[in-house]
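Working through the structure, step by step
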Amino acid sequence: MGWLKRLFGLEKPQNAQVNPTPQQVQQQTSATPAATQQIAPERMGLNGEYDQSGLAKRVALAFDQDQQLTDIETLWVAQTGSTVVLKGKVPSQDILNQMISVARSVNGATSVDTSQVTIG
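Residues numbered from 1 in each chain as written. Predicted model: local features only at pLDDT ≥ 70, side-chain atom pairs only at ≥ 80, totals over all residues. Heavy atoms only, no water.

**Describing the packing of helix α2 (residues 54–65) against helix α3 (residues 93–104)**
One way to put it is that α2 packs onto α3 with a least axis distance of 9 Å and a crossing angle of 125°. Relative to α3, α2 is oriented oblique. As α2 runs across α3, the sense of the crossing is right-handed. Residues V59, A62 and F63 of α2 form the contact with α3, whose own contacting residues are M99, V102 and A103. Of the residues assigned to the contact of α2 with α3, the class counts are six nonpolar, no polar and no charged. (Axes fitted to C-alpha atoms, helices over the stretch in contact; angles between N-to-C directions. Helix = DSSP H or I, 4+ residues; strand = E, 2+ residues; numbered from the N terminus. Parallel < 35°, antiparallel > 145°, perpendicular 65-115°, else oblique. Left-handed = near helix turned anticlockwise from the far one by under 90°. Contact = heavy atoms within 4.5 Å. Nonpolar A, V, L, I, M, F, W, Y, C, P; charged D, E, K, R; others polar.)

**Observations concerning the nonpolar core**
Ranked by internal contacts, the top residues of the largest apolar core, which has 29 residues, are W3, F63, V77, V84, L86 and M99. Elements that contribute at least two residues to this core include exactly α1 (3–8), α2, β3 (75–80), β4 (83–90), α3 and β5 (111–119). For this core, the element with the most residues is α2, which contributes seven residues. Leave out the neighbours within four places in its chain, and W3 touches F8, A60, F63, D64, L69, T70, D71, I72, L75, V77 and M99. (Core = buried A, V, L, I, M, F, W, Y, C linked by side-chain atoms within 4.5 Å. Buried < 20%, exposed > 50% of the residue type's maximum accessible area, 1.4 Å probe, protein only.)

Nothing here speaks to function; it is geometry throughout.
Here you go:
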C-alpha cells in the first residue's frame, strides 16, 4: 500500500502532482460580482484544487514517488497551516532526514515538525 492510500484512502488521481499549478477560485462578494482568488499553497490539492489537507496529501504523494521511502506504517503525515507534521515511529534517523528533505521540497511547506516522531 502507498502513503496516499494508507493515510487518506486515496488511489493516486490521474494527473496528480506534488507541486501542481493552482486553479483559480471564483469568489462571489457584494463588492465585486466574481473576484478571482488564488489558493494558498498549503491548501492546494493534488490537482491544484482547494483542499483543506492539500499539503499533507501532496507530501504523502511525494513520499510515494521517492524510491527510497517505502510506506512506513507507523508514521503519519498531517499539517497545521503550512507546517508539515510527522507523527509516529521511523526505523532510523537517516530515513527521517530523507522524509524531512522531501517534505520541505513540497510547495507550501514552511517547516516540518518532527517533535512527535520516535526513532527505533
